[in-house]
Amino acid sequence: MKYAIIALAIPMLSSCSGNGKNNNNTTTTNNDTAQTNVDTTKSNDNQNNNESKNLLNTTETREDRQYNDLARLLAGLPAEEGSKYAKYHQTKAWQQYANTANNTWSGILTQKVPTMSKWSKEALKTQNDAKGTLFYPFSGPDFLHANTLFPGAEKIVMIGLEPIGNYPDMDKVANKSLNGYFNGLQRSLYTILKLSFFRTIAMAKDFTGKVTADIDGTLPVLMLFMSRTKHRVLYYEKVAVNEEGELIAASEATGRKVYYGTKLTYRHEDKPNEKKTLFYFAANLQNSPYSSRSGLVRKGLEDRSDFRKFLKSLDITTTYIKSASYLMHRETFSIIRNIILNQSKYFLQDDSGMALRYVDRSKWNLTFFGAYAGPIPLFRNRYQAALRKAYRSGSGNNVKPLPFGIGYQYRKGTSNLMLAEKK
């Protein structure tokens, strides 16, 4: 089944489904590439790019405070002294937005996040101590849950269908409507903060310029999440995947059929010496091509050897899968499923990820958390009798409590997570 069919039929899905729009440097509507204009707001200093062709394995040394200043503006947090965006913090539009944002985040940061963090410190200690790379396919811009559960990850690679977006030009935004822009941001966050996942159909509007033209991708939300979780955004640039599957600067990419991505360097406010990197790509993870009624067409991993090579080059410590529309239950997603199983040392998923039948128990040690209440009615045909049996027959260390709700069954007591460790 094509993503388009899923997206039209399903009101609540993860970012694995969605529409694209031909905004000047995001996703094109006639092929599976993302066209880009190299960002002119950052410096042209690319000397680091010459040290290694593959930016995936380099440490970014450049820093520019404008990126953190923007992140605080987008997050509804006060401007720091000397911020180039301070004048926008003085506007009525931003002050109203900040007040709403503070109210929204208050409960999340004092209740939900601490509960998840405490659980992570106990249940995912081994995975966080291992640091390394967190792979989060079908993620959308969900930095919030990735960071909360895996704060030890040194590198995060996220993939969704939603476009990467342009670096916001706040002067241009202000000339149009700051109210409209901030309302668009607030709208885009509703379900991820309320239910723990993004709605695909909503993202098809929220992140493609259909609500407000200046929100044309996931970049603002990624920066916003970083700021709200007490991180400083140190540097931003656009990157690209070349034919060999290596990560290069966007300015070095040639041709139309190129995968472009977002690269954000950041650190926690309390850890000045621990730089981390996040990469976000808009890509079709299905084996075969994907097309939507909006006109978006993207080839699948069978045809895109460049992105397939990139994925296979990842040294994955842990893979995280949540609210993934049960797509990897299908044979049409066998390539990405096998990449995860072959390359991950650990993976954490809810039942919407890979079906239990694909996990060889002779190769993986499994621990189950929470309760298997079955899929929500929309996905009733993805019920797993084997998973139900695992929860019912599990005892001792095999089945453990889950003190929070997450995923489609987002209410506490109905959610499930399965942690796998390669033997």
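Definitions and cut-offs
- Residues numbered from 1 in each chain as written.
- Predicted model: local features only at pLDDT ≥ 70, side-chain atom pairs only at ≥ 80, totals over all residues.
- Heavy atoms only, no water.
- Helix = DSSP H or I, 4+ residues; strand = E, 2+ residues; numbered from the N terminus.
- Expected span 1.5 Å × (residues − 1).
- Bend = angle between axes of the 7 residues up to and from the residue.
- Buried < 20%, exposed > 50% of the residue type's maximum accessible area, 1.4 Å probe, protein only.
- Salt bridge = Lys/Arg side-chain N within 4 Å of Asp/Glu carboxyl O.
- Pairing = 2+ DSSP bridges.
- Phe/Tyr/Trp six-rings, centres within 6.5 Å; stacked < 30°, edge-to-face > 60°.

**Student:** Just to check I follow, could you spell out helix H4 (residues 92-123) for this structure?
**Tutor:** Along an α-helix, residues three or four positions apart point the same way, because every turn accommodates 3.6 residues. Taking 1.5 Å per residue as the helical rise, H4 with its 32 residues ought to reach 46 Å, and the 44 Å between its terminal C-alpha atoms agrees with that figure. Of all the bends in H4, the largest measures some 40° and sits at Leu-109. Looking at H4, one finds that the buried residues are Ala-93, Trp-94, Tyr-97, Ala-98, Ala-101, Trp-105, Ile-108, Val-113, Met-116, Trp-119, Ser-120 and Ala-123.

**Student:** Just to check I follow, could you spell out the pattern of salt bridges for this structure?
**Tutor:** Where charged atoms from two side chains of opposite charge approach closely, those side chains can pair. Following the criterion strictly, the structure yields 14 salt bridges and no others. Linking Lys-275 and Glu-63 is a salt bridge whose minimum nitrogen-to-oxygen distance equals 3.3 Å. One end of the pair, Lys-275, is in the loop between strand S5 (259-268) and strand S6 (276-282); the other, Glu-63, is in the loop between helix H1 (3-9) and helix H2 (65-75), with 212 residues separating them in the sequence. The exposure class assigned to Lys-275 is partly exposed, which follows from its relative accessible area of 31%. The exposure class assigned to Glu-63 is exposed, which follows from its relative accessible area of 52%. Here Asp-129 ties to Lys-125 by a salt bridge, and the two come within 2.6 Å at their closest N and O atoms. Taken together, the positions of Asp-129 and Lys-125, both in helix H5 (residues 125-129) and four residues apart, correspond to about one turn of that helix. Of the residues examined, Asp-129 reaches a relative accessible area of 48% and is grouped as partly exposed.

**Student:** How should the pairing of strand S3 (residues 231-241) be read in this particular structure?
**Tutor:** It is a general feature of regular strands that their side chains alternate between the two faces of the sheet. Extensive coverage of S3 is indicated by the burial of ten of its eleven residues. Alignment of S3 against S5, held across ten bridges, turns out to be antiparallel. Across the sheet, the residue bridging to Glu-237 is Lys-263, located in S5. Sheet topology note: the S3/strand S4 (residues 247-249) ladder contains three bridges and is antiparallel. Pairing of Val-241 across the sheet is with Leu-247, part of S4. Here S3 folds back onto S4 in antiparallel fashion, the turn holding five residues, of which Gly-245 has a positive phi close to 85°.

**Student:** Please clarify how the packing of aromatic side chains should be interpreted in this entry.
**Tutor:** One pair of aromatic rings is described through two measures. These are the centre distance and the angle between the planes. Scanning all chains against the criterion turns up 24 aromatic pairs. Arranged with centres 5.8 Å apart and planes meeting at 35°, the rings of Tyr-372 and Tyr-383 form a pair that is tilted. Highlighted residues: Tyr-372 in the loop between strand S11 (364-370) and helix H14 (385-393) and Tyr-383 in the loop between S11 and H14, separated in sequence by eleven residues. Its relative accessible area of 3% is what places Tyr-372 among the buried residues. Taken together, the ring pairs in this structure connect Tyr-67, Tyr-167, Tyr-235 and Tyr-236 into an aromatic cluster.

Function cannot be inferred from these measures alone, as they are strictly geometric.
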